[in-house]
Amino acid sequence: MHVWKQVAPLMLHQGGKVLRTLLDSGHSAYFVGGCVRDELMGRPVHDMDIATSAKPEAVMELFERTVPTGLQHGTVTVIMGDYPFEVTTFRKESHYEDHRHPAAVEFVDEIIQDLQRRDFTMNAIARSLDGELTDPFHGASDIRYGILRCVGQAEERFDEDALRMMRAVRFASVFGFRPVKSLWRALLTSRDKLSFVAMERVRAELERLLLGPDPLRGLELLRRSRLLHYAKIPYVESQGSGVLQEQLGVLGHMPAEPQELRWSELLQGLGISGLEAEDRMKEWTFSNQVARTTAEIMRFDEMWGAIRAGISDGSAERLRRSWTELQVHYGQEISQLWLERQRIRLASRGAQGREALLRLDEEEMRWHRAVRVHDLKELAIRGGDVLTALDQRGGPWLGELMKRLLLLVAIGDVPNEREPLLEYVKAVVKQNGG
Ligand code: ATP
Ligand code: MG
């Protein structure tokens, strides 16, 4: 078998076995789509999709371990060794409904017909077992020149499936490809059709764009095309190009993981508040977890900014106490994420940020590390201990008191030891008149 440089040898071996099995049974079969493209681009291949003339039932009979993942589209997942391979019967798609779903798929005999239904020339290349390319739309050449081009008439293709417009912007951004004029023109003509596409699919593309290597380029394309406006995420295009650069220039310096760093930076740059962010993100179908963490980083940032501005004499001790309170409230993870983001923000400002960076290390960073307790479970006493010591019955006051103890221990006013904590509790109760 000829060389693939970007594929793990074992995956290639197993994928080759799948192809060989199909060929030996008299079907035609190829590697196709993203894996062929990524190999040509010199990018690591993560999975290998296979297209074949064999019908899904035949595929399921030929292989021992299969999962009918998308029978209505002709897709069966074949598991070979440890690797899953999506095996899809050659098909064409006829009359689309509502600019998103082909109403019917029709199986066909030739790979060329199958390649014709695919979105972009770079994604419409097949590679045989012995390495020969079937490339009817000159995708390899477009890849070489960094050009993004639809298979066939762009306007028609976007009209069939409006998600392809988001994919176009995503691919242009992630690969740094230039869309050809006709594609861009068609995108501007057809962009309102994006409103027919499920938010979840739009969000998935947006995610890959923002977490890719050049998020600013993607955002600039989104701004110019106003695509997101039609997907009811209307913030990006309300910004001027300069604003994007200025507010969001730092995005490219941030790691893509954890993703909340970039999301929080983006939303804040677009003028969304921490209070608003969580609901917005849930509307846009982000997971509750991502929405919450993102919004909390933003709120932490807003609160800490306000506190810093409010303690204008810069009293380090007052600042430390406030920081600790904030950290105990939002938790260690959020405080850690904020610090990570702040460090990148300041570092991206060059000489200007250097002093602030030093202060971050001296102050917030150090205070962060000094906080030893974040959770009531970490306290040396339990609510029950308090009740026994005071000989009282529980009530809402107990929760309040325990939280107060946690904060005092975190700040360092009371050591996290049983006796001093109980002493403190007794003193407070006495002071309040029992
Ligand atoms: P990646 O997985 O890196 O995003 P990919 O090209 O593998 O890239 P997939 O979404 O996995 O993208 O799709 C596999 C292939 O299916 C594509 O290469 C393309 O040929 C085809 N394809 C996917 N989505 C569409 C679409 N909306 N319209 C036409 N063809 C598509
Ligand atoms: Mg893929």
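Treat the numbers as computed from the prediction; the structure is a model and nothing was measured.

Okay, unusual backbone geometry next. With an omega of -10°, the peptide bond running from Glu257 to Pro258 counts as cis. Mapped onto the secondary structure, Pro258 falls in the loop between α12 (241-248) and α13 (260-269). Phi at His138 is positive, roughly 60°, even though this residue is not glycine. Along the chain, His138 turns up in the loop between β9 (133-134) and α5 (139-145). At Arg226, a position not held by glycine, the phi torsion is positive, near 60°. Mapping Arg226 onto the fold places it in the loop between α10 (215-225) and α11 (227-230).

Here we come to the layout of surface pockets. Space inside the largest pocket adds up to approximately 1400 Å³. In terms of lining residues, the largest pocket is bounded by 42 residues, among which Asp49, Arg118, Asp119, Arg167 and Arg170 are the most central. A per-element tally of the lining of the largest pocket places helix α7 (residues 163-175) first, with seven residues. Tallied by class, the residues present in the lining of the largest pocket amount to 14 nonpolar, nine polar and 19 charged.

Turning our attention to the site of ligand 1. Neighbouring ligand 1 are 13 residues; Arg37, Asp161, Arg164, Arg170 and Arg208 lie closest to it. Within the backbone of Gly34, one N or O atom sits 3.4 Å away from an oxygen atom of ligand 1. At 2.9 Å, a side-chain N or O of Asp161 approaches a nitrogen atom of ligand 1. Relative to its unbound accessible surface of 580 Å², ligand 1 loses 75% to contact with the protein. The pocket occupied by ligand 1, as judged from atoms lying within 2 Å of grid points, is the largest pocket. At the level of elements, α2 (34-41) and α7 are the ones that each hand at least two residues to the shell around ligand 1.

Of the pairings in the sheet, the one linking strand β6 (residues 91-97) to strand β7 (residues 101-107) comprises six bridges and is antiparallel in character. The partner of Arg91 across the bridge, within β7, is Phe107. In this antiparallel pair of consecutive strands, β6 and β7, the connection spans three residues, and Asp98 shows a positive phi of 55°.

Before going further, it helps to spend a moment on α2. Along α2, the residues classified as buried are Cys35, Val36, Arg37, Asp38 and Glu39. On its buried side, α2 packs onto β1 (29-32), β2 (49-52), β8 (126-127), β9, α5 and α7. Looking one or two residues past α2, Gly42 carries a phi angle of roughly 75°, positive in sign.

Taken domain by domain, the chain holds domain 1 (1-145), domain 2 (291-370) and domain 3 (376-431). Placing a centre on the C-alpha atoms of domain 2 and another on those of domain 3 gives a separation of 28 Å. Contact with domain 2, which involves five residues of that partner, is made by five residues of domain 3. Between domain 2 and domain 3, roughly 500 Å² of surface is buried when both sides are summed, and carbon and sulfur atoms account for 64% of that area. A per-residue breakdown of the area domain 2 buries against domain 3 is headed by Arg321, Thr324 and Val328, which together make up 68% of the total. Our count for the domain 2 to domain 3 interface comes out at one salt bridge. A salt bridge links Arg321 to Asp413; its shortest N-O distance comes to 2.5 Å. Inspection of the domain 2/domain 3 interface yields two residue pairs in polar contact (both at pLDDT 80 or more). Per-class residue counts for the side of domain 2 that touches domain 3 are one nonpolar, one polar and three charged.

A word on the packing of aromatic side chains. Overall, the coordinates contain twelve aromatic pairs when judged by the stated rule. Relative to Phe90, the ring of Tyr30 lies with its centre 6.4 Å away and its plane at 35°, an arrangement referred to as tilted. One end of the pair, Tyr30, is in strand β1; the other, Phe90, is in the loop between β5 (83-89) and β6, with 60 residues separating them in the sequence. Side by side, Tyr30 and Phe90 carry an identical accessibility label, which is buried. Ring geometry for Phe300 against Tyr330: centres 5.7 Å apart, planes inclined by 65°, an arrangement best described as edge-to-face. Linking Phe300 in helix α15 (residues 288-310) with Tyr330 in helix α16 (residues 316-330), this pair joins segments that are 30 residues apart in sequence.

Conventions and cut-offs
Residues numbered from 1 in each chain as written. Chains lettered and ligands numbered in written order. Predicted model: local features only at pLDDT ≥ 70, side-chain atom pairs only at ≥ 80, totals over all residues. Heavy atoms only, no water. Helix = DSSP H or I, 4+ residues; strand = E, 2+ residues; numbered from the N terminus. 1 Å grid on protein atoms, 1.4 Å probe; cavity = no way out; pocket = protein on both sides within 12 Å on 5 of 7 lines; lining within 4 Å. Points joined across faces, edges and corners; volume = space filled by probe spheres on them. Nonpolar A, V, L, I, M, F, W, Y, C, P; charged D, E, K, R; others polar. Near = heavy atom within 4 Å. Polar contact = N/O pair within 3.5 Å; in protein donor to acceptor, adjacent residues only side chain to side chain. Areas by Shrake-Rupley, 256 points an atom, 1.4 Å probe, with all protein chains shown as cover. Sits in = over half its atoms within 2 Å of the grid points. Pairing = 2+ DSSP bridges. Buried < 20%, exposed > 50% of the residue type's maximum accessible area, 1.4 Å probe, protein only. Contact = heavy atoms within 4.5 Å. Domains from an automatic or database assignment. Buried area = accessible area lost by both parts, 1.4 Å probe. Salt bridge = Lys/Arg side-chain N within 4 Å of Asp/Glu carboxyl O. Phe/Tyr/Trp six-rings, centres within 6.5 Å; stacked < 30°, edge-to-face > 60°.

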